[in-house]
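Fold and contact review
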Amino acid sequence: EGMKLTNRFLLLTLRLESLKREWGVKMLGARDITTQSECQWVENLYRDKVMSVARKMVARQQARDLVRQQMESETMDDTVSMVTFITEASTEAPSADRLELSDDLNETMLREQQVSRLLELLELYLLQETTRLLSQQHHLILSERERDEAMLPLDLWKKSSMKEIMGMPRSHLVEEFASHLAAGVSEKNDSMLVPKSHLKDCLQQLSSGLLAREKECYQMYASYYEALLRSQYNQLYQKNQEVEHFRTLAEVNARHTKEEALVFLGDHTHSLILEITALRTKISA
């Protein structure tokens, strides 16, 4: 049993030291604690943020345990037990404060509270960092979207993900002809009279509108197909450049391979000549 408690205490100590160092590095905002001033700063912060809270929690727990033990050990009547309970409850807080300032705290419970407090602070730090990164990414996305919306796209045909869709504005020739014609109509009994000059003027205006619309459609389609052809030409040019690049790489690799083969063949031939010379020398001797 004693060995188990010792192993548990040592393991708890190792975890506490590791978490303390990790928390200190996070709070310091560096990769490691290297100087004496940084170590002193981390120790002071640890004393305020972790140690004081852990000692307070352990002191309260031990004070409650002491009060519970005293109440269980006493055998009194109901009236005296109630008075004792009220008296102990009123003196619980001062006893916890005295325990917090004393050195009689349970060391194992104190280390467990420190580990729990460090885990809580690290979790809070990770949540804050995640929230900060998400906010930063959201801000970048909004900034990029505002920048894209503020700029007019002038080279949509260069984007492969864009579909080439041609849209024509809706014409209002019929509505304009009807409104212009109705402006010169006069009513007589159940009939509507249109002056010949006004009808001729309306027809002439309609003809001019049709010609202008056809001209606009031609210009839009011409620019659209011109951009489409330019895009296809650019893509074809890029493919040709890639083919030329790969062809050049293949020729270079083939040349290197041929040179390496010739060098290997020359070395092998030279070694064979040396062996034949040595054999002739031995035979002649």
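Structure: see above.
Here the residue index of a chain counts from 1 through its sequence in written order. Local features in this predicted model are restricted to residues whose pLDDT is 70 or higher, and side-chain atom pairs enter the listing and the counts only when it is 80 or higher, whereas totals over whole chains, interfaces and linings include all residues. Side-chain descriptors were evaluated using all non-hydrogen atoms of the structure, hydrogens and water having been removed beforehand.

**A look at helix H1 (residues 2-28)**
What counts is decided by this rule: Only DSSP runs of H or I covering at least 4 residues are called helices, and only runs of E covering at least 2 are called strands; the numbering of each starts at the N terminus. The length a helix should cover is 1.5 Å for every residue beyond the first. Think of it in three bands: residues with accessible area under 20% of the maximum for their type are buried, residues over 50% are exposed, and the middle band is partly exposed, with areas taken using a 1.4 Å probe on protein chains only.
Taking 1.5 Å per residue as the helical rise, H1 with its 27 residues ought to reach 39 Å, and the 39 Å between its terminal C-alpha atoms agrees with that figure. Here H1 has its buried residues at Leu12, Thr13, Leu16, Leu19, Lys20, Trp23, Gly24 and Val25.

**Considerations on the side chain of arginine 111**
This is how it is decided: Throughout, a residue-residue contact means that at least one pair of heavy atoms, one from each residue, lies within 4.5 Å.
Structurally, arginine 111 is set in helix H5 (residues 107-150). Apart from the residues within four sequence positions on either side, arginine 111 is in contact with Phe9, Leu12, Thr13 and Leu16.

**Details of a nonpolar patch on the surface**
Put simply, the test is: A patch consists of residues exposed above 30% relative accessible area that lack any salt bridge, with like charges linked at up to 9 Å and nonpolar side chains (Val, Leu, Ile, Met, Phe, Trp, Tyr) linked at up to 5 Å. Note that accessible areas follow from Shrake-Rupley with a 1.4 Å probe, and for residues the cover is restricted to the protein chains shown. Take a side-chain nitrogen of Lys or Arg and a carboxyl oxygen of Asp or Glu: if they are within 4 Å of each other, that pair is a salt bridge.
A cluster of nonpolar side chains, Val194, Leu199 and Leu203, forms an exposed patch at the surface whose accessible area comes to about 220 Å². Structurally, leucine 199 is set in helix H7 (residues 196-284). Classification of leucine 199 by relative accessible area gives partly exposed; the value is 35%.

**Side note on the pattern of salt bridges**
Taken as a whole and judged by the stated rule, the model has 8 salt bridges. For arginine 117, the salt bridge identified is with glutamate 120, shortest N-O distance 3.8 Å. In this pair, arginine 117 and glutamate 120 both sit in helix H5, 3 residues apart, roughly one turn of the helix. Taking relative accessible area as the criterion, glutamate 120 reaches 47% and is therefore assigned partly exposed.

**Description of the nonpolar core**
Under the convention used in this document: In these notes, a set of buried Ala, Val, Leu, Ile, Met, Phe, Trp, Tyr and Cys residues joined through side-chain atoms within 4.5 Å is what counts as a nonpolar core.
Among the nonpolar cores identified, the biggest contains 11 residues, and these are Leu12, Leu16, Leu19, Trp23, Leu45, Tyr46, Val50, Val115, Leu118, Leu121 and Leu122. Those elements that place two or more of their residues in this core are H1, helix H2 (36-73) and H5. Ignoring any residue separated from it by four or fewer positions in sequence, one finds tyrosine 46 in contact with Leu16, Lys20, Trp23, Met51, Gln114 and Leu118. In terms of nonpolar packing, the next biggest core, distinct from the first, is built from 5 residues, Ala54, Val58, Ala59 and Leu110 among them.

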